[in-house]
Amino acid sequence: MRVDLHNHTTLCNHASGTTEEYVKKAIELKIDVYGFSDHAPMNFDPKYRMSLSQKDAYENDILSLKEKYKNEIEILLGYEVDYLDGYILDEVINSKVDYLIGSVHFIKNKNDMWGFDNPEFIGVYKSKDIDSIWKEYFDAIEAMAKTNLFDIAGHLDLIKVFKFLPKSDIRILAKDALLAIKKANMTLEINPAGLRKPIGETYPSKQLLQMAYEMGINITFGSDAHAVDQVGFKYEEVKNLAKEIGYEKCMTFSARDSKLVTF
C-alpha cells in the first residue's frame, strides 16, 4: 500500500495547484492513501498559513474530494501544526480530522522567534553557536512530543535544511526527542523534501531513522508537496530507505486512530 500524508494547498500562501489536481496526480501515481495536511491557522506568522476564517472551507474542500474520489483513492484530512507554546489554537487541536502533524519551524532567538528554515533569515546561523541551535531545536521537538497533542512528528531534523551541521554527534542531540516521540506513541514521517533542499537528504537522516527503528517508533510517508509535480516525490527512494533500515509497515490514520499497513 502506498501512503502519502504530508501535502499542502494554496491556502498556505506558498503552494501552487488546485487540491483536485493533487488528487488526480496521486491517483495517476497509484497512491492508495493520500492526506492533505496544510499549515494550520495560528496567530503567528500569518503569511505562511491559512487564516482561521479559511479553516471550514479547507475542511469542506478536502471532504468533498474524499467523497468524489472515494472509489479511486482514500483521501485523509489533517493539519500540519507548528509547535509554538501559547499559539496553538484549540479550534485546530479539536478539529474532526484524521491526524495532526506536529512540527517545529521556529526556535527562540533573543526576544524573537526565528524561522530557521526560511531563506530570508539564514544569516542567524552564523551569529549563534551551531550546537546550541541544534540543541534548542531538538528541545522544541521533545517539548512538542510531550504535549501529546499530535499523531505524527514532521520532518524530524528539519534544522539541517541549509547544511549548517553541528560539531556534536547528532544522535546524542536527537536522542531525548526520539524518546519523547516513542513515549507519546507518535509516528515518525519519512519526508523527502530535504532532497529538494541544500542538505540533499531525507528527513530524518538514515542514522536517525535507524535510531527510531531500534526504539520501535513507527513510520509513515509524506512528500510535503507544495506543487502538483511534488506529489509522490522520490517515493521509491524513501521506501527503499525504510526497507533497508528494517521497516515493513507504515502508519495510516482515520479519525485520529492509527493503523499499520504493509508498504
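Structure's up top.
This section reports on the structure supplied with the text. This is a predicted model, so every value here is computed, not measured. (Residues numbered from 1 in each chain as written. Predicted model: local features only at pLDDT ≥ 70, side-chain atom pairs only at ≥ 80, totals over all residues. Heavy atoms only, no water.)

1. Side note on the sheet that holds strand β2 (residues 33-39)
How we decide: The criterion for strand pairing is that DSSP finds at least two bridges linking the strands in question. A run of H or I in DSSP becomes a helix once it reaches four residues, and a run of E becomes a strand once it reaches two; helices and strands are each numbered from the N terminus. A contact between two residues is defined here by any heavy atoms of the two lying within 4.5 Å. Whenever a helix is involved, its axis is fitted only over the stretch in contact; in every case the axis is a line through C-alpha atoms, and angles between N-to-C directions fall within 0 to 180 degrees.
Taking strand neighbours across the sheet as the criterion, the seven strands line up as β1-β2-β3-β4-β7-β8-β9 in an open arrangement whose pairing is parallel. Strands at the two margins of the open sheet, each flanked by one partner only, are β1 (3-4) and β9 (219-221). Packing of helix α7 (residues 235-245) onto the sheet brings it into contact with β1, β8 (187-190) and β9, and relative to β9 it is tilted by some 170°.

2. Overview of helix α4 (residues 130-146)
Condition: Take the residue count of a helix, subtract one, and multiply by 1.5 Å to get its expected span. Think of it in three bands: residues with accessible area under 20% of the maximum for their type are buried, residues over 50% are exposed, and the middle band is partly exposed, with areas taken using a 1.4 Å probe on protein chains only.
A rise of 1.5 Å per residue sets the reference length of α4, with its 17 residues, at 24 Å; its end C-alpha atoms lie 25 Å apart and thus fit the reference within 8%. Within α4, burial applies to Ile 130, Asp 131, Ile 133, Trp 134, Tyr 137, Phe 138, Ala 140, Ile 141, Glu 142, Met 144 and Ala 145. Directly beyond the C-terminal end of α4, a positive phi value near 60° is found at Asn 148.

3. Things to note about the environment of Leu 76
Assignment of secondary structure puts Leu 76 in strand β3 (residues 74-82). For Leu 76, a relative accessible area of 1% corresponds to the buried category. Leave out the neighbours within four places in its chain, and Leu 76 touches Leu 5, Val 33, Tyr 34, Gly 35, Phe 36, Ile 62, Lys 66, Asp 98, Tyr 99, Thr 252 and Phe 253.

4. Section: the layout of surface pockets
Selection rule: In the cavity and pocket records, a cavity denotes points on a 1 Å grid over the protein atoms alone where a 1.4 Å probe fits but cannot get out, a pocket denotes an open set with protein on both sides within 12 Å along at least 5 of 7 lines, and lining residues are residues with an atom within 4 Å of a point. Grid points are joined across faces, edges and corners, and a volume is the space filled by probe spheres set on the points. Under this grouping Gly is polar, as are all residues other than the nonpolar Ala, Val, Leu, Ile, Met, Phe, Trp, Tyr, Cys and Pro and the charged Asp, Glu, Lys and Arg.
Its volume calculated, the largest pocket comes out at about 710 Å³. Residue lining of the largest pocket: 31 residues in total, with His 14, Tyr 48, His 105, Asp 117 and Asn 118 positioned closest to the centre. For the lining of the largest pocket, the secondary structure elements donating two or more residues are β3, β5 (106-109) and β6 (112-115). Here the residues of the lining of the largest pocket are counted per class, giving 13 nonpolar, nine polar and nine charged. In this structure, the second largest pocket occupies an estimated 210 Å³ of space. As for the second largest pocket, its lining consists of Tyr 83, Leu 84, Asp 85, Phe 106, Ile 107, Lys 108, Met 113, Glu 136, Asp 139, Ala 140 and Ala 143. Looking at the lining of the second largest pocket, the elements with two or more residues in it are β5 and α4. Among the elements that make up the lining of the second largest pocket, the one with the highest residue count is α4 (four residues).

Distances and angles like these do not, on their own, reveal function.
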